Amino acid sequence: MKKQILRFLTAAFSAILLQSAAVSGQTFQLIHNAADPSLDSVDIYIYGQLVQSDFHFRQALTFTLPPGNYPVGIAPGNSSSAADTVRLFNLNLLAGHHYIAMATGVNNTMPGMFSPNPEGRDISLDLILHDNVRTTAADTNNIDLIIMHGATDAPAVDVIPTGVCSGPLVDSAMFGDFTGYLSLPEGGYSINITPANSNSTVIASYYADLNGLGGSSQAIRIRRRTTSRARTSHTTQYSCHRQ
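Computed from a prediction, not measured in an experiment: that's the story for all the values here. Note that residues are indexed from 1 along each chain, following the sequence as it is written. Totals for whole chains, interfaces and linings use every residue, but because this is a predicted model, local features are given only for residues with pLDDT of at least 70 and side-chain atom pairs only at 80 or more, for both listing and counting. Excluding hydrogens and water, the side-chain figures rest on all heavy atoms present in the structure.

### Regarding the pattern of salt bridges
- When a carboxyl oxygen of Asp or Glu is within 4 Å of a side-chain nitrogen of Lys or Arg, the pair counts as a salt bridge. Applying the stated criterion across every chain yields a total of two salt bridges.
- With its nearest N and O atoms 2.7 Å apart, the salt bridge here joins aspartate 177 to arginine 121. Of this pair, aspartate 177 sits in the loop between strand E12 (170–173) and strand E13 (182–185) while arginine 121 sits in the loop between strand E8 (99–104) and strand E9 (126–130), and the two are 56 residues apart along the sequence.
- Only protein chains enter the accessibility calculation, which uses a 1.4 Å probe; a residue is then buried when its area is under 20% of its type maximum, exposed when over 50%, and partly exposed in between. What makes aspartate 177 partly exposed here is its relative accessible area of 23%.
- Overall, the relative accessible area of 30% leaves arginine 121 in the partly exposed class.
- In this structure, aspartate 144 engages arginine 134 in a salt bridge whose closest nitrogen and oxygen atoms are separated by 2.7 Å. Of the two residues, aspartate 144 sits in strand E10 (residues 142–149) while arginine 134 sits in the loop between E9 and E10, which places them ten residues apart along the sequence.
- According to the relative accessible area criterion, aspartate 144 is buried, its value standing at 4%.
- Note on arginine 134: relative accessible area 26%, which makes it partly exposed. The helix and strand labels rest on DSSP assignments: H or I over at least four residues marks a helix, E over at least two residues marks a strand, and numbering proceeds from the N terminus.

### What about the sheet that holds E12?
- In short, DSSP must find at least two bridges between two strands for them to pair. Read across the sheet, four strands follow the order E12-E11-E14-E15 without closing on themselves; strand pairing throughout is antiparallel. Where the open sheet ends on each side, the last strands, each with one partner, are E12 and strand E15 (204–209). Across the sheet, the axes of successive neighbouring strands diverge by a mean angle of 25°, strand direction being ignored.
- As paired strands, strand E11 (residues 157–161) and E12 are joined by two bridges and run antiparallel to one another. For valine 159, the partnering residue across the bridge sits in E12 and is valine 170. Helix axes use the C-alpha atoms of the stretch in contact, all axes being lines fitted to C-alpha atoms, and the angles between their N-to-C directions lie in the range 0 to 180 degrees.

### Section: unusual backbone geometry
- For serine 172, which is not glycine, the phi torsion reads 60° and is therefore positive.
- Summarising the element assignment, serine 172 is placed in strand E12.
- Of note, the phi angle at asparagine 197 is positive, near 65°, even though the residue is not glycine.
- With respect to the helices and strands, the residue asparagine 197 is situated in the loop between strand E14 (188–195) and E15.

### Here we look at the nonpolar core
- Counting 22 residues, the largest nonpolar core has Phe28, Leu30, Ile44, Val72, Ile74, Leu93 and Leu127 as the members making the most contacts within it.
- For this core, the elements supplying multiple residues, two or more each, are strand E2 (26–32), strand E3 (41–46), strand E5 (60–65), strand E6 (68–76), strand E7 (87–93) and E8.
- Residue contacts follow a heavy-atom distance rule, with two residues in contact if any of their heavy atoms lie within 4.5 Å. Apart from residues no more than four positions distant in its own chain, leucine 127 is found in contact with Leu30, Val72, Phe89, Leu91, Ala101, Met102 and Ala103.
- The set of buried Ala, Val, Leu, Ile, Met, Phe, Trp, Tyr and Cys residues whose side-chain atoms join them within 4.5 Å is what this entry labels a nonpolar core. Leu145, Leu169, Ile193 and Leu210 belong to the second largest nonpolar core, which has 20 residues in total.

### Remarks on the confidence of the model for the protein
- pLDDT is defined as a per-residue confidence score from the predictor, taking values between 0 and 100. Looking at the protein, pLDDT values average 79 and 78% of them are 70 or higher.
- Of the regions scoring below 50 in pLDDT, residues 218–239 engages in 65 contacts with residues more than four places distant in sequence or in other chains.

### Quick word on the packing of aromatic side chains
- Two rings from Phe, Tyr or Trp (for Trp, the six-membered ring) form a pair when their centres are within 6.5 Å of each other. A pair whose planes differ by under 30 degrees is stacked, one over 60 is edge-to-face, and the rest are tilted. Scanning all chains against the criterion turns up two aromatic pairs.
- Centre to centre, the rings of phenylalanine 28 and phenylalanine 63 are 5.8 Å apart; their planes meet at 20°, and the pair counts as stacked. Of the two residues, phenylalanine 28 sits in strand E2 while phenylalanine 63 sits in strand E5, which places them 35 residues apart along the sequence. Accessibility assignment for this pair places phenylalanine 28 and phenylalanine 63 in one class, buried.
- Arranged with centres 6.0 Å apart and planes meeting at 65°, the rings of tyrosine 47 and tyrosine 70 form a pair that is edge-to-face.

Okay, structure coming up:
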């Protein structure tokens, strides 16, 4: 039976805000979003040197590096050396730029192992690099987000903050896509994930707590809503601002 990984949507739609602290050099944030059970824990090698062992699914690492080309290897957790690397990626980091690299996809793409992507996109393990990452929000009263579709077996989707936007915040995102920057005021948001152009069918629902984050930037994930803490939720509709 094909292994289903749609259940990992919690991490697949990662909403990312950036570090507000000033930095020197190139920041490179690596996020583990590869929902292959064989890669639940991985070791990270740069130039053949182990820089992080037992890097777990849904975790993030941040490096400050000088500009240059960096061979980044992903190996199974508890690897013996860089020789155990299952995939090697060459990342070129430019001076003055900041990056997010999302590890996504699956290692074994043999037929029958994992469901194919409904849009026909390649689901093999990849490190998707997003350039020109911001370190602060453009408006200190708002929060700037980028959202990445990382569920290999999910179709193109819309992302809809319920009762807030006059339309989808993200429209027709396919696996592997990063959005442009999206700007929202701080607060709490109930988020529905629906198939593209079929917003009455909800694939999953999450709650994003963005209270107290105005003007800041941090790595967050959209999660299922709970009632364990008080939150301020938005109910007034407006046209969500895309930048």
